[in-house]
Amino acid sequence: MKLTLPLRLLLTKPSYKSVIPICSSFKKCPSHISEKFRAFSTNKSLLMSNERPLKLMKLPKIVQPNVILWLKNKYFEFLIRNYYDASFSQSEFLAGATQAITHVSSLISSGQFEDLEELVDPDSVEEIKRNYNRLSDKQHRDLKIMEDHIIKMFVHQIGMMFGNSGNVFVEITVVLHYNSPDDKSLKETTHEIKTAEDIIKAALEITKKVVNANYRFIKECTKGSESDWIINGVNHFSIFRNEEEEEN
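Below is a summary of the structure that appears in this document. (Residues numbered from 1 in each chain as written. Predicted model: local features only at pLDDT ≥ 70, side-chain atom pairs only at ≥ 80, totals over all residues. Heavy atoms only, no water.)

### A look at the sheet that holds strand S4 (residues 230-237)
Pairing between sheet strands relies on hydrogen bonds along the backbone, with the strands arranged either parallel or antiparallel.
In step 1: Taken together, 4 strands build an open sheet; the order of strands is S1-S2-S3-S4 and the sheet is antiparallel. Two strands close off the open sheet at either side, each with one partner strand: strand S1 (150-162) and S4. Direction aside, the axes of adjacent strands within the sheet are offset by 15° on average.
In step 2: Together, S1 and strand S2 (168-179) form the strand contacts of helix H5 (residues 67-83), whose direction differs from that of S1 by roughly 60°. (Pairing = 2+ DSSP bridges. Helix = DSSP H or I, 4+ residues; strand = E, 2+ residues; numbered from the N terminus. Axes fitted to C-alpha atoms, helices over the stretch in contact; angles between N-to-C directions. Contact = heavy atoms within 4.5 Å.)

### Overview of helix H6 (residues 90-109)
In step 1: Spanning 20 residues, H6 covers 27 Å between terminal C-alpha atoms, matching the ideal 28 Å at 1.5 Å per step.
In step 2: Those residues of H6 that fall on the buried side of the exposure criterion are Gln 90, Phe 93, Leu 94, Ala 97, Thr 98, Ile 101, Thr 102, Val 104, Ser 105, Leu 107, Ile 108 and Ser 109.
In step 3: In the stretch just after H6, Gly 111 is the one whose phi turns positive, near 75°. (Expected span 1.5 Å × (residues − 1). Buried < 20%, exposed > 50% of the residue type's maximum accessible area, 1.4 Å probe, protein only.)

### Observations regarding the environment of Ile 145
In step 1: Tracing the chain through its elements places Ile 145 in the loop between helix H8 (137-142) and S1.
In step 2: Taking the relative accessible area as the measure of exposure, Ile 145 reaches 2% and is therefore buried.
In step 3: When the C-alpha positions of Ile 145 and His 103 are compared, they lie 8.2 Å apart, and in sequence the two are 42 residues distant.

### A word on H5
In step 1: Given a rise of 1.5 Å per residue, 17 residues ought to cover 24 Å, and the 25 Å separating the end C-alpha atoms of H5 matches this to within 8%.
In step 2: Within H5, the full set of buried residues consists of Leu 69, Asn 73, Glu 77, Leu 79 and Ile 80. All buried residues of H5 fall inside an arc of 165° around its axis, so they share one side. Opposite its buried face, H5 presents the exposed residues Val 67, Ile 68 and Phe 78, each directed more than 90 degrees away.
In step 3: The opening residue of H5 is Asn 66, an N-cap whose side-chain oxygen sits 2.9 Å from the backbone nitrogen of Ile 68. (Arc of directions from axis to C-beta. Polar contact = N/O pair within 3.5 Å; in protein donor to acceptor, adjacent residues only side chain to side chain.)

### Re the environment of Asp 142
In step 1: In this structure, Asp 142 sits in helix H8.
In step 2: According to the relative accessible area criterion, Asp 142 is buried, its value standing at 0%.
In step 3: For the pair formed by Asp 142 and Ser 105, sequence separation is 37 residues and the distance between their alpha carbons is 9.5 Å.
In step 4: Reaching out from Asp 142, the side chain makes a polar contact with the side chain of Lys 138 at a distance of 2.9 Å.

### Regarding the pattern of salt bridges
In step 1: Considering all chains together, one arrives at 4 salt bridges under this definition.
In step 2: Among the ionic pairs, Lys 129 bridges to Glu 126, the shortest N-O distance being 3.9 Å. On the criterion of helical spacing, the pair formed by Lys 129 and Glu 126 is a turn pair, its members being 3 residues apart in helix H7 (residues 122-132).
In step 3: Between Asp 142 and Lys 138 there is a salt bridge whose closest N-O contact spans 2.9 Å. Highlighted residues: Asp 142 and Lys 138, both in helix H8, separated by 4 residues, approximately one helical turn.
In step 4: Note on Lys 138: relative accessible area 26%, which makes it partly exposed. (Salt bridge = Lys/Arg side-chain N within 4 Å of Asp/Glu carboxyl O.)

And the structure:
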């Protein structure tokens, strides 16, 4: 059924004051309050840090899903399942990747690089070790990913590589957003909130504690010479801190 408005309503000039009465209230906002919040909202010191940017490897920083890659991932999932590994699925892979990432991140966080053998590519371990030694103790703790602290985790990209000798490799990049192990619980922070400014401060503090991680896995899927998954790319970073890349 097609609905039409009466002609007089179509020709009547709308009264914006009556439609959005809240607009007039902004004029009555005391200047000292508006200036206070304006200064607070632009205070970069709450988001910036003098620490060296959190970085383990020189890799692209991936944060959000990509629709095009999502479609390609579905295609590669179908290809892998039907021609190379009938048991493969993204959900099953993520379940196993979660266990691997929490274990590997714990080893890296505590500097146990010798225990990364057969879990992480040797060249990657060397780069991780170099950058790890440049980080602060707080950043070392931030590297540890606990399963119950993971906010979001997804497969970003599935890729297949075909060698000249017929070898087939599958490479999968996983993206995580997680809370730092130093994150306070809600119970510990709510009693500190008394004013609107406290709410903003608490929100910014929580945002600062969100850490992003990219883990890249690779496995040979050539028939007759299958191998285990190994990590060949690791990076942790925060987009809410001073993360300007330093040229090395």
